[in-house]
Number of protein chains: 4
Amino acid sequence: MFITIDPNDRRPIYEQVADEIKALIARGELGEGEALPPVRQLATDLGVNMNTIAVSYRQLQAEGLITIKHGSGAVVASRFAARTDEKELRRPLRNALTSFVLAGLSTGRIMQIVKEEMGELSQK
Amino acid sequence: MFITIDPNDRRPIYEQVADEIKALIARGELGEGEALPPVRQLATDLGVNMNTIAVSYRQLQAEGLITIKHGSGAVVASRFAARTDEKELRRPLRNALTSFVLAGLSTGRIMQIVKEEMGELSQK
Amino acid sequence: MFITIDPNDRRPIYEQVADEIKALIARGELGEGEALPPVRQLATDLGVNMNTIAVSYRQLQAEGLITIKHGSGAVVASRFAARTDEKELRRPLRNALTSFVLAGLSTGRIMQIVKEEMGELSQK
Amino acid sequence: MFITIDPNDRRPIYEQVADEIKALIARGELGEGEALPPVRQLATDLGVNMNTIAVSYRQLQAEGLITIKHGSGAVVASRFAARTDEKELRRPLRNALTSFVLAGLSTGRIMQIVKEEMGELSQK
DNA sequence: GTGGTCTAGACCACG
DNA sequence: GTGGTCTAGACCACC
């Protein structure tokens, strides 16, 4: 399980970690029922505060992606179980696409990039 | 010119406003050379402080999308002139797509949504 | 006499105009005793407000570069007569050089650029 | 770390502060990875409002010179990483040199001053 | 009339 | 304890 954080990324660390774990789950690299690394270990590996990782896990739990059992760690609840509303999901997508348009990329090029990114999300 | 802000949105107001204006520019609803509403007026309309809107405008100027002339308002500089790097643009796209996958949507459905959103960005 | 203003330049118009006139005087294209164009005409040519040009002229007069005679226009007072203090002049120079350093240009390249710019200032 | 602001300087305080920090970075007195003083502390030291310094820091971040980590302060990102365009840099240089010419300084004297200033920018 | 800057002070987010 | 955001209100600069 490879998770990396980028200090130059302006998103908070807990969000970077949560996003990376989401990607692992989406790709199937972390399957249903599989255990996530202990908070303490992941924190040490990444060189960040334990509380920061705890926040990431809590967020993933709130979205229904993992279950945290006191004393026995966190496990992936179920792929495709994110508690989100399609309408709410569209806004970040729209913003991302807007940036591409404003950067001057053609619709064709943008669709190509979307396909590339989708491809990486379905590898497994 | 319709701009709305959502108090439940976790993003800061100034960013919501900037994003909405970017979308208007991308869609061509705000064309090159066209004037943006005065800072104070938009602030009053949205019920927020003048400074908040000023921050939005300053950010849009820093990205090269508008030019602010001290005594005479802000105008759209040039569509497709955002100072951004394709690589930096991909991360938000990837995150947005990941959310759809985790919500259980099929690749086909996701591509359909992307096409819908792209369609709205090229209306004009 | 060619003066141009750049709407994308974030400096106030009156300052752009004053700076351009200073450059003309420094280069000798506007010699001592020579008349500046009437405020009204320059304003029309540039498509700006008359008051804006008046401010430029007033600033040039304050610096001792021109004399404004009520009713008979403005004339170049004397080249090399700017009322300025060497120490005060260094700050903008230092800032300009700092920007080059931070942009990663080598000392050699920077000195070359300085020589190029100096060359253009002594054409006449 | 010595930063001073000059109330007689026409530039806004936040810009003076940003320029001084840029100079410190260019000179190497603030090296890569080194921490900047906390916003509140610098504000108190200079006797200005916290927000004013926050604006300086935000500008430096936008130029890529520092990275701000939400709960843990601001650090120098990388010397020589300013996101700027050589052409845009020349105008301030040209204006600075013009002022020297108009003050009656000889080309030789001006080049000497440039060398002096460049020397101070490469001390470390 | 426009936008720019600055202040004092409050409350929130992050680590 | 760090920075981020927002407000209300003042005063200045520009056109």
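Residues numbered from 1 in each chain as written. Chains lettered and ligands numbered in written order. Predicted model: local features only at pLDDT ≥ 70, side-chain atom pairs only at ≥ 80, totals over all residues. Heavy atoms only, no water.

A. Spatial organisation of the relation of the copies chain B and chain A. Note on the identical chains: chain B maps onto chain A by a rotation of 177° and an axial translation of 0.0 Å, with an RMSD of 0.5 Å. The two molecules are tied by a two-fold rotation axis, judged by turn and shift. Relative to the rotation axis, the C-alpha of Leu93 of chain B is the closest in chain B, positioned 3.1 Å from it. (Least-squares fit on C-alpha atoms with pLDDT ≥ 70 in both.)

B. A look at the pairing of strand E1 (residues 66–69) of chain A. All names here are of chain A. The pairing of E1 with strand E2 (residues 73–76) spans four bridges and is antiparallel. Looking at the pairing, Ile66 lines up with Val76 of E2. Linking two consecutive strands that pair antiparallel, namely E1 and E2, is a turn of three residues; a positive phi of about 95° is found at Gly71 within it. (Pairing = 2+ DSSP bridges. Helix = DSSP H or I, 4+ residues; strand = E, 2+ residues; numbered from the N terminus.)

C. Structural detail: the pattern of salt bridges. Under the defined criterion, the tally for this structure stands at 44 salt bridges over all chains. Among the salt bridges present, the one from Arg94 of chain D reaches Glu117 of chain C, with a minimum N-O distance of 3.1 Å. Note that Arg94 of chain D is positioned in helix H4 (residues 86–102) and Glu117 of chain C in helix H5 (residues 107–121), a pairing that runs across two chains. Using a relative accessible area of 31% as the deciding quantity, one classes Arg94 of chain D as partly exposed. Judged by relative accessible area, Glu117 of chain C falls into the buried class, the value being 3%. A network of salt bridges, in which partner residues are shared, links Glu86, Arg90 and Arg94 of chain A together with Arg109, Glu116 and Glu117 of chain B. (Salt bridge = Lys/Arg side-chain N within 4 Å of Asp/Glu carboxyl O. Buried < 20%, exposed > 50% of the residue type's maximum accessible area, 1.4 Å probe, protein only.)

D. Region of interest: the interface of chain B and chain A. Facing the 43 residues of chain B at the interface are 44 residues of chain A. Both sides of the chain B and chain A interface together cover about 4,000 Å² of buried area, and 68% of this is carbon and sulfur. For Glu116 of chain A, the salt bridge goes to Arg90 of chain B, with nearest N and O atoms at 2.9 Å. For the pair chain B and chain A, the number of links is 10 residue pairs in polar contact (both at pLDDT 80 or more). The residue makeup of the side of chain B that touches chain A, split by class, is 23 nonpolar, seven polar and 13 charged. (Contact = heavy atoms within 4.5 Å. Buried area = accessible area lost by both parts, 1.4 Å probe. Polar contact = N/O pair within 3.5 Å; in protein donor to acceptor, adjacent residues only side chain to side chain. Nonpolar A, V, L, I, M, F, W, Y, C, P; charged D, E, K, R; others polar.)

E. Structural detail: the interface of chain C and chain D. In this assembly, 44 residues from chain C lie in contact with 43 residues from chain D. Overall, the association of chain C and chain D removes approximately 4,000 Å² of surface from exposure, summing both partners, and the carbon and sulfur fraction of that is 68%. For the pair chain C and chain D, the interface holds 10 salt bridges. Here chain C and chain D share 11 residue pairs in polar contact (both at pLDDT 80 or more) between them. Of all the secondary structure elements, the ones that give two or more residues to the side of chain C that touches chain D are helix H1 (13–27), helix H4 (86–102) and H5 of chain C. For the side of chain C that touches chain D, the element with the most residues is H4 of chain C, which contributes 15 residues.

F. Quick look at the domain arrangement of chain A. Taken domain by domain, chain A holds domain 1 (13–82) and domain 2 (86–122). Computed over C-alpha atoms, the centres of domain 1 of chain A and domain 2 of chain A are 26 Å apart. (Domains from an automatic or database assignment.)

G. Just helix H2 (residues 39–46) of chain A, in detail. Residues and elements named next belong to chain A. Of all the positions in H2, only Leu42, Ala43 and Leu46 are classed as buried. Taken down its axis, H2 places every buried residue within 100° of arc, on the same side. Exposed and oriented more than 90 degrees from the buried face of H2 are Arg40, Thr44 and Asp45. Elements that come into contact with the buried residues of H2 comprise helix H1 (13–27) and helix H3 (50–62). (Arc of directions from axis to C-beta.)

H. Region of the structure containing the protein's contact with DNA strand F. Around DNA strand F, the structure places 23 residues, and the nearest of them are Ile13, Asn49, Asn51 and Thr52 of chain B together with Arg40 of chain D. Here, DNA strand F places atoms within 4 Å of the protein, and 69% of those atoms are sugar or phosphate. Asn51 of chain D has a polar side-chain atom sitting 3.3 Å from a base nitrogen of DNA strand F. Of all the elements in the fold, those that place two or more residues in the surface near DNA strand F are helix H1 (13–27) and helix H3 (50–62) of chain B, H1 of chain C together with helix H2 (39–46) and helix H3 (50–62) of chain D. Here the surface near DNA strand F gets three residues from one element, more than from any other, and that element is H3 of chain B. (Near = heavy atom within 4 Å.)

I. Fine view of the relation of the copies chain C and chain D. With an RMSD of 0.5 Å, the operation that places chain C on chain D is a rotation of 177° combined with a shift of 0.0 Å along the axis. Comparing interface residues between copies, 95% of those in chain C also lie at the interface in chain D; the contact surface is shared.

J. Quick peek at helix H5 (residues 107–121) of chain A. Between its first and last C-alpha atoms H5 of chain A spans 21 Å; for 15 residues at 1.5 Å apiece the expected length is 21 Å, and the two agree. Residues of H5 of chain A that are buried include every one of Ile110, Met111, Ile113, Val114, Glu117, Met118 and Leu121 of chain A, and no others. The buried residues of H5 of chain A occupy an angular sector of 160° when projected down its axis, which confines them to one face. In this structure, the buried residues of H5 of chain A make contact with H1 and helix H4 (86–102) of chain A together with helix H4 (86–102) and helix H5 (107–121) of chain B. (Expected span 1.5 Å × (residues − 1).)

K. Molecular detail of the protein's contact with DNA strand E. Neighbouring DNA strand E are 23 residues, the closest being Arg40 of chain B together with Ile13, Asn49, Asn51 and Thr52 of chain D. When atoms of DNA strand E within 4 Å of the protein are split into backbone and base, the sugar-phosphate part holds 68%. The contact in question runs from a phosphate oxygen of DNA strand E to an N or O atom on the backbone of Ile13 of chain A, over 3.1 Å. Mapped by element, the contributors of at least two residues to the surface near DNA strand E are H1 of chain A, helix H2 (39–46) and H3 of chain B together with helix H1 (13–27) and H3 of chain D. Of all the elements, H3 of chain D adds the most residues to the surface near DNA strand E, at three residues. Residue composition of the surface near DNA strand E, grouped by class: 12 nonpolar, 10 polar and one charged.

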